[in-house]
Amino acid sequence: MENKLWHNKDIEDTLRELKASKSNGLTGEQVKERKDKYGLNQLKGNKGKSIFSMFIDQFKNFMVIILIIAAIISGSLGEIKDSVIIVIIVILNAVIGVIQENKAEKSLEALKSMSKPLAKVIRNGSKTQIKSQEIVPGDIIVLEAGDSIPADGRIIESVNLKIEESALTGESVPVEKISEKLNDIEIPIGDRRNMVYSGSMVTYGRGKVVITEIGMNTEIGNIAKLIQSQKKLKTPLQQKLDRMGKWLGLGALGICALIFLLGYIQGRGFLDMFMLAVSLAVAAIPEGLPAIVTIVLALGVQRMIKKNAIIRRLPAVETLGTASVICSDKTGTLTQNKMTVTKIYTHDKLIEKNNIDINENDKGLLLKIGVLCNDSSIEEKDGEKKTLGDPTETALVALAYEKGLIKSEEENKTKRVNEIPFDSERKMMSTIHENENSYKVFTKGAPDRLIDKCSKILIKDKVKDITSEYKEKIKNANELMANDALRVLALAYKELDKKTDNLDSTNIENDLIFVGLTGMIDPPRKEVKLSVKECKKAGIKPVMITGDYKVTAIAIAKELGILNSENEAIDGKELDNVDDETLSAQVNKYSVYARVSPEHKVRIVKAWQSNKKIVAMTGDGVNDAPALKGANIGCAMGITGTDVSKEASDMILTDDNFSTIVNAVEEGRNIFSNIRKSIHFLLSCNIGEVLALMIALILKYESPLLPIHVLWINLVTDTLPALALGVDIKESDIMSKKPRDPKKSIFSDGLGSLIIIKGIAIGIVSIMAFNIGKKVDVSTGRTMAFAALCLSQIWNSLGVRSLDKPIYKIKTFGNVYLIAAMIMSSILTLSVILIPVLRKIFEFSLLTMEQWGSIILYSIIPLLLIEIYKGIKFSIKKN
């Protein structure tokens with residue numbers, strides 16, 4: 001339906017427009033007409049990709065296409081072995097990619113399951129239960145405590161109705177609902193007190209609602225549309241590998257063309273030139289790289305699971321390592337999502353929670369009133385306490401429990417015989433209790449209302465008249481706590497001579513004796529302050545985005561160290577007056593966003609992204625889902641998180657612990673660093689292979705390596721060290737560095753030049769070995785070139801663990817996997833030379849001890865040269 005600002009209409013106008021009856025509801029005929037017009041009350045989703053289409057998508061990578069072309073050419077020339085090996089690698093990589101991608105897009109399915117299956121409605125004058133998907137606009141639904149709201153609606157009757165909307169707005173405190181018209185037109189969702197929204201929960205009271213919007217037209221439906229509209233961005237690593245693959249592919253084609261040109265000039269045969277070109281093309285492309293990167297990321301995911309983070313998409317953990325901004329919801333993410341009393345006020349003193357002594361008469365009575373004038377409960381099961389009821393009331397019960405006052409025991413001693421429930425007009429609640437034939441009234445409520453009902457005040461164990469001076473002190477204490485974003489309740493009592501059945505509030509709630517104030521807040525998680533500090537140390541800006549009030553958000557943000565000045569905070573109304581261009585220019589100024597809608601969250605994320613920032617968004621509510629999906633990486637809470645936020649996310653924090661994000665950042669940075677090491681290792685080896693073949697061509701030698709030799713080196717000998725480098729231990733200063741610039745090349749910080757230098761060195765020693773061996777015959781020359789190339793690459797793996805530190809400055813044996821990989825690769829290299837069957841397949845010859853001595857000597861030269869260079873550079877930098 002068209003958005004008609006239902007909160008801005010009175011009940012009669014709303015019912016008239018919807019052609020609904022408050023007492024009789026809709027008729028059967030009206031229901032049928034509206035079902036035909038508006039459809040079912042459910043969310044619609046996009047059709048997901050099939051497994052087959054996911055599999056086909058894996059072959060759209062430029063590097064993979066080049067490999068497939070190489071396999072076809074090799075097969076057509078009779079080199080079946082080469083062709084089969086390439087195809088196996090490509091298919092294996094595709095299968096791994098499909099398995100990961102198949103776990104993805106389920107956001108809308110989770111949204112569909114949020115509503116309860118049944119709802120109570122009035123139709124044809126009778127109350128009945130129907131499936132929530134059968135609800136239509138104009139239906140009158142009946143709400144009671146515990147009910148889930150099945151669709152959006154306008155409240156037409158409210159009796160102490162409170163609705164918990166934290167999943168939608170981010171506020172942990174239930175909203176007191178009214179039925180009166182709201183005069184303001186532009187009001188945030190959280191302040192539309194005469195409206196209810198799908199996905200919310202009734203925590204207290206009862207009411208009636210006329211349904212105004214269903215399905216995709218509800219607020220959750222709008223969020224679903226936002227989720228559909230958010231396209232997943234490619235991660236920096238994906239972008240870099242795509243670019244690198246294209247350059248390597250183009251480079252390989254260029255090399256092939258150059259080979260044909262040189263061969264033509266030299267008068268070589270077409271078939272020989274074509275086989276040499278295939279060898280060069282295969283040598284130029286690190287065939288194992290896509291699979292190695294996928295496996296390294298997958299291993300990182302396994303480590304993350306042990307650290308309470310589930311990665312739903314493989315490259316996500318690497319993206320988090322580049323994060324420069326973390327946008328976090330407040331409720332349940334930075335805070336405990338549990339109202340807690342932190343201060344009380346009695347007898348002219350503000351007292352911290354830990355200093356409360358219930359043996360003192362006024363403090364003990366304050367806690368007792370909070371427990372007995374209370375409809376919530378607490379129970380202990382398996383050593384854990386669980387509170388049930390309104391969060392404000394459960395905070396009072398939990399405080400008393402901690403101090404030794406058990407609600408059930410107090411109720412047995414002081415039985416409740418009557419009550420005057422809370423309502424939003426009086427803003428207080430009173431209960432009457434019997435104890436040994438005497439009766440007491442216990443009252444709690446808003447300080448400004450309750451103080452005016454008090455004629456006396458309890459000072460320690462004495463009751464005195466409440467003077468204007470006392471009232472001024474109480475008001476000052478109230479303001480102090482309110483300024484700290486505490487929700488303040490006043491508590492009072494009076495004694496009755498006898499039980500009364502006259503439960504008029506004007507009769508009961510007067511001449512009260514003021515006892516004290518309680519201040520409560522949804523407190524920050526204990527570990528988050530340290531996590532925020534770690535984020536800042538790592539050059540990451542933490543940003544709070546919440547649906548809560550600005551004063552509360554500022555107080556929490558200051559305590560956590562997210563915000564220093566109140567000027568760094570902005571609310572939803574102020575944000576509405578800022579266009580996207582201005583927001584992008586000013587987004588760096590703000591650390592706290594309060595009273596925001598889902599659309600605001602998406603705007604904030606996009607504003608940071610427009611400043612070339614990598615944005616991580618954490619959250620647990622329905623309201624976080626669009627921004628979670630729109631961010632470079634979305635982190636959902638595993639315990640308190642809704643299904644919607646989990647399915648929209650890239651990563652789920654299973655312990656709902658903000659500090660887990662710090663571990664994820666650290667792991668992400670380490671994974672990217674290790675992938676660079678693998679690329680460093682593989683490409684320096686590949687350049688060595690290409691250079692050896694090119695030098696041989698220029699010098700008019702026979703080819704020192706056959707295609708099968710190059711494939712064996714690239715896919716077998718090199719793979720194990722490359723994988724081992726992918727799980728290398730993290731550098732000690734990894735979290736002291738600023739986030740990487742996503743625009744930076746993989747080959748930045750001297751990596752590119754180092755790869756080329758190492759490649760040249762490896763290529764030269766390979767040709768030197770070939771030159772010695774070919775004096776015997778070409779087969780011996782190829783065997784020596786192959787062995788020298790393999791061993792020099794194995795030695796090279798030790799040197800790539802650090803770009804700037806020499807081997808003796810890092811833990812040489814810190815990576816046991818690398819040592820094992822070096823040993824295994826050496827064994828595999830020897831096996832194809834020493835085992836007769838393999839030697840025949842590879843067309844190798846047996847070597848003498850003298851030839852092996854030359855190979856070992858030549859193979860260690862590249863490592864020694866580079867390490868001497870790094871050692872000199874390190875010494876200069878240190879001095």
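Here is what the cut-offs are and how they apply
Residues numbered from 1 in each chain as written. Predicted model: local features only at pLDDT ≥ 70, side-chain atom pairs only at ≥ 80, totals over all residues. Heavy atoms only, no water. Helix = DSSP H or I, 4+ residues; strand = E, 2+ residues; numbered from the N terminus. Polar contact = N/O pair within 3.5 Å; in protein donor to acceptor, adjacent residues only side chain to side chain. Salt bridge = Lys/Arg side-chain N within 4 Å of Asp/Glu carboxyl O. Pairing = 2+ DSSP bridges. Axes fitted to C-alpha atoms, helices over the stretch in contact; angles between N-to-C directions. Buried < 20%, exposed > 50% of the residue type's maximum accessible area, 1.4 Å probe, protein only. Parallel < 35°, antiparallel > 145°, perpendicular 65-115°, else oblique. Left-handed = near helix turned anticlockwise from the far one by under 90°. Contact = heavy atoms within 4.5 Å. Nonpolar A, V, L, I, M, F, W, Y, C, P; charged D, E, K, R; others polar. Phe/Tyr/Trp six-rings, centres within 6.5 Å; stacked < 30°, edge-to-face > 60°. Lys NZ or Arg CZ within 6 Å of the ring centre and 35° of its normal. Patch = residues over 30% accessible without salt bridge, like charges linked within 9 Å, V, L, I, M, F, W, Y side chains within 5 Å. Areas by Shrake-Rupley, 256 points an atom, 1.4 Å probe, with all protein chains shown as cover. pLDDT = per-residue confidence, 0-100. Core = buried A, V, L, I, M, F, W, Y, C linked by side-chain atoms within 4.5 Å.

Below, the discussion takes up the environment of Glu-165. Looking at the element boundaries, Glu-165 is found in the loop between β4 (152-164) and α7 (166-169). Here the side chain of Glu-165 touches Lys-177 through a polar contact of 2.8 Å, side chain to side chain.

Taken as a whole and assessed by the stated rule, the structure comprises 33 salt bridges. Here Glu-17 ties to Lys-9 by a salt bridge, and the two come within 3.0 Å at their closest N and O atoms. Put simply, Arg-303, Lys-307 and Glu-667 are held in one network by salt bridges that share partners.

This part covers the sheet that holds strand β21 (residues 541-545). Spatial ordering of the open sheet is given by β8-β26-β25-β24-β9-β21-β23-β22, a layout of eight strands whose pairing is mixed. Unpaired on one side and paired on the other, β8 (309-311) and β22 (569-571) mark the two borders of the sheet. Between one strand axis and the next, the sheet turns by 20 degrees as a mean value, whatever way the strands run. Sheet topology places β8 next to strand β26 (residues 651-653); three bridges connect them, and they run antiparallel. Within β26, the residue paired with Ala-309 across the bridge is Leu-653.

Our next topic: the environment of Ile-220. Within the secondary structure layout, Ile-220 lies in helix α8 (residues 219-229). Residue classification places Ile-220 among the buried positions, given a relative accessible area of 3%. Taking the C-alpha atoms as reference points, Ile-220 and Tyr-197, separated by 23 residues in sequence, lie 8.0 Å from one another.

Moving on, we come to the packing of helix α14 (residues 361-372) against helix α15 (residues 391-402). It is at 8 Å that the axes of α14 and α15 come closest, and there the two elements cross at 135 degrees. Relative to α15, the element α14 lies oblique. Where α14 crosses over α15, the handedness of that crossing is left-handed. For the pair formed by α14 and α15, the contact residues are Leu-367, Gly-370 and Val-371 on the first element and Leu-396, Val-397, Leu-399 and Ala-400 on the second. A breakdown of the residues in the contact of α14 with α15 according to their chemical character gives six nonpolar, one polar and no charged.

On to unusual backbone geometry. Positive phi is not limited to glycine here, since Lys-460 has a value of about 55 degrees. Take Lys-460: it is sitting in the loop between β17 (454-459) and β18 (462-465). The class for Lys-460 is exposed, based on a relative accessible area of 52%. Its identity as a non-glycine residue notwithstanding, Glu-843 has a phi of 60 degrees, on the positive side. Along the chain, Glu-843 turns up in the loop between α33 (836-842) and α34 (849-878).

Of all five residues making up strand β25 (residues 633-637), five are buried, and the element is well covered by its neighbours. Burial along β25 is two-sided: Ile-633, Cys-635 and Met-637 and Gly-634 and Ala-636, pointing in opposite directions, are all buried. Of the strand pairs in this sheet, strand β24 (residues 615-619) and β25 are connected by four bridges, and their pairing is parallel. Note on β25: the bridge partner recorded for Ala-616 is Ile-633.

Inspection of every chain in the model, using the stated rule, returns four aromatic pairs. An angle of 45 degrees between the planes, with centres 6.0 Å apart, marks the rings of Tyr-701 and Phe-770 as tilted. Of this pair, Tyr-701 sits in the loop between α27 (658-698) and α28 (707-717) while Phe-770 sits in helix α30 (residues 751-773), placing them 69 residues apart in sequence. An angle of 40 degrees between the planes, with centres 4.8 Å apart, marks the rings of Phe-786 and Phe-844 as tilted. Placement of the pair is Phe-786 in helix α31 (residues 778-799) and Phe-844 in the loop between α33 and α34, with a sequence separation of 58 residues. Exposure remark for Phe-786: the relative accessible area of 0% places this residue in the buried category. An aromatic cluster is present here, built from Phe-786, Phe-842 and Phe-844 joined pairwise through their rings. Directly above the aromatic system of Phe-422 lies the positively charged group of Lys-162, at a separation of 4.9 Å from the ring centroid. When the ring centre of Tyr-549 is taken as origin, the NZ or CZ atom of Arg-595, which lies over that ring, is 4.1 Å away.

Here we take up a nonpolar patch on the surface. A surface patch of nonpolar side chains, about 470 Å² in accessible area, is lined by Leu-258, Leu-261, Tyr-264 and Ile-265. Secondary-structure assignment places Leu-258 in helix α9 (residues 236-266). Given a relative accessible area of 37%, Leu-258 falls into the partly exposed group.

Parts of the model with low pLDDT should not have their predicted coordinates read in detail. Looking at the protein as a whole, the pLDDT averages 83, with 88% of positions reaching at least 70. Every residue in residues 103-116 scores below 50 in pLDDT, and together they form 42 contacts with partners more than four places removed in sequence or on other chains.

One broad rule of soluble globular proteins: the nonpolar side chains tend to lie buried together. Leu-320, Phe-514, Leu-517, Met-651 and Phe-786 are the most contacted members of the largest nonpolar core, which totals 126 residues. Among the elements that line this core, the one with the most residues is α27, at 16 residues. The residues touching Met-651, leaving out its near neighbours within four places in the chain, are Met-304, Ala-309, Ile-310, Ile-311, Leu-320, Gly-634, Cys-635, Ala-636 and Ala-664. Residues Val-136, Val-142, Cys-327 and Tyr-593 belong to the second largest nonpolar core, which totals 44 residues.

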